[in-house]
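So you can see what is in the structure, the chains are spelled out below.
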Amino acid sequence: MGLAVFAQFAAFNGFDGLDCVDGQHVEVPCLDDEDDEPGLTRRRTKKYLEAVENTTADECGCFVIWLNGDTVEIEARGMSDVSGDCELEPLAEPNLLSNGMRRWVRSFLIPKRGGKA
């Protein structure tokens, strides 16, 4: 079966989103803000709104990559420490981190001869 390994991928930056280990900044907007200037914000599609809803950004959590056993399972899990007990919960899809996490982990994989990683 193997050993489950967790590696931190993103943490709340204290202001407007998450700072990731690959250098990217993921902005997690507040969906309640109505004072945004038109034209300066991203078009809010249903999928984007759902991804924002599924990605929490607060000082009590961080996001980890879950590696399990002999295979690499790239699954975003949120770690929260609100009550003093660290708990890992899978992030609902879609979210703002999963695709970035998958690209980052795959960048370290060596492709098989004649194939893709």
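Because the structure is predicted, anything quoted here is derived from the model rather than measured.

Analysis parameters
- Residues numbered from 1 in each chain as written.
- Predicted model: local features only at pLDDT ≥ 70, side-chain atom pairs only at ≥ 80, totals over all residues.
- Heavy atoms only, no water.
- Helix = DSSP H or I, 4+ residues; strand = E, 2+ residues; numbered from the N terminus.
- Buried < 20%, exposed > 50% of the residue type's maximum accessible area, 1.4 Å probe, protein only.
- Arc of directions from axis to C-beta.
- Salt bridge = Lys/Arg side-chain N within 4 Å of Asp/Glu carboxyl O.
- 1 Å grid on protein atoms, 1.4 Å probe; cavity = no way out; pocket = protein on both sides within 12 Å on 5 of 7 lines; lining within 4 Å.
- Points joined across faces, edges and corners; volume = space filled by probe spheres on them.
- Nonpolar A, V, L, I, M, F, W, Y, C, P; charged D, E, K, R; others polar.
- Contact = heavy atoms within 4.5 Å.
- Polar contact = N/O pair within 3.5 Å; in protein donor to acceptor, adjacent residues only side chain to side chain.
- Phe/Tyr/Trp six-rings, centres within 6.5 Å; stacked < 30°, edge-to-face > 60°.

Another aspect to go through is unusual backbone geometry. Residue Glu93 is joined to Pro94 through a cis peptide bond whose omega torsion reads -5°. Counting through the fold element by element, Pro94 comes out in the loop between strand S6 (87–90) and helix H2 (98–106).

What follows covers helix H1 (residues 46–54). All of the buried residues in H1 are Tyr48, Ala51 and Val52. Take H1 and look down its axis: the buried residues cluster within an arc of 100°, on one side only. Turned more than 90 degrees off the buried face of H1, the exposed positions are Lys46, Lys47 and Glu53.

The next thing to look at is the pattern of salt bridges. Taken as a whole, this structure holds one salt bridge when the rule is applied. Here Arg102 makes a salt bridge to Glu93, at a shortest N to O gap of 3.4 Å. A residue is classified by how much of its surface remains accessible, and Arg102, at 22% relative accessible area, is partly exposed. The class of Glu93 is partly exposed, set by a relative accessible area of 47%.

The next point concerns the layout of surface pockets. Of the pockets and cavities examined, the second largest pocket occupies roughly 220 Å³. Elements supplying a minimum of two residues to the lining of the second largest pocket: strand S4 (61–68), strand S5 (76–80) and S6. Taken together, the residues that form the lining of the second largest pocket break down as seven nonpolar, five polar and three charged.

This paragraph deals with the environment of Asp16. Looking at the secondary structure, you find Asp16 in the loop between strand S1 (4–12) and strand S2 (17–20). The class of Asp16 is partly exposed, set by a relative accessible area of 27%. For the pair Asp16 and Pro29, spaced 13 residues apart in sequence, the C-alpha separation works out to 6.9 Å. Apart from the residues within four sequence positions on either side, Asp16 is in contact with His25, Val26, Glu27 and Val28. Side-chain polar atoms of Asp16 contact the side chain of His25, separated by 3.2 Å.

This brings us to the environment of Cys30. Inspection of the secondary structure assignment puts Cys30 in the loop between strand S3 (25–27) and H1. According to the relative accessible area criterion, Cys30 is partly exposed, its value standing at 39%. Spatially, the C-alpha atom of Cys30 lies 9.2 Å from that of Glu53, the residues being 23 residues apart in sequence.

Glancing now at the packing of aromatic side chains. Tallying each qualifying case throughout the model produces two aromatic pairs. A centroid spacing of 5.1 Å and a plane angle of 85° characterise the contact between Trp104 and Phe108, whose relative ring orientation is edge-to-face. On the basis of relative accessible area, Trp104 is assigned to the partly exposed category, the value being 26%. Phe108 gets classed as exposed once you look at its relative accessible area, which sits at 57%. Among the aromatic residues, those joined into a cluster by ring pairs are Phe9, Trp104 and Phe108.

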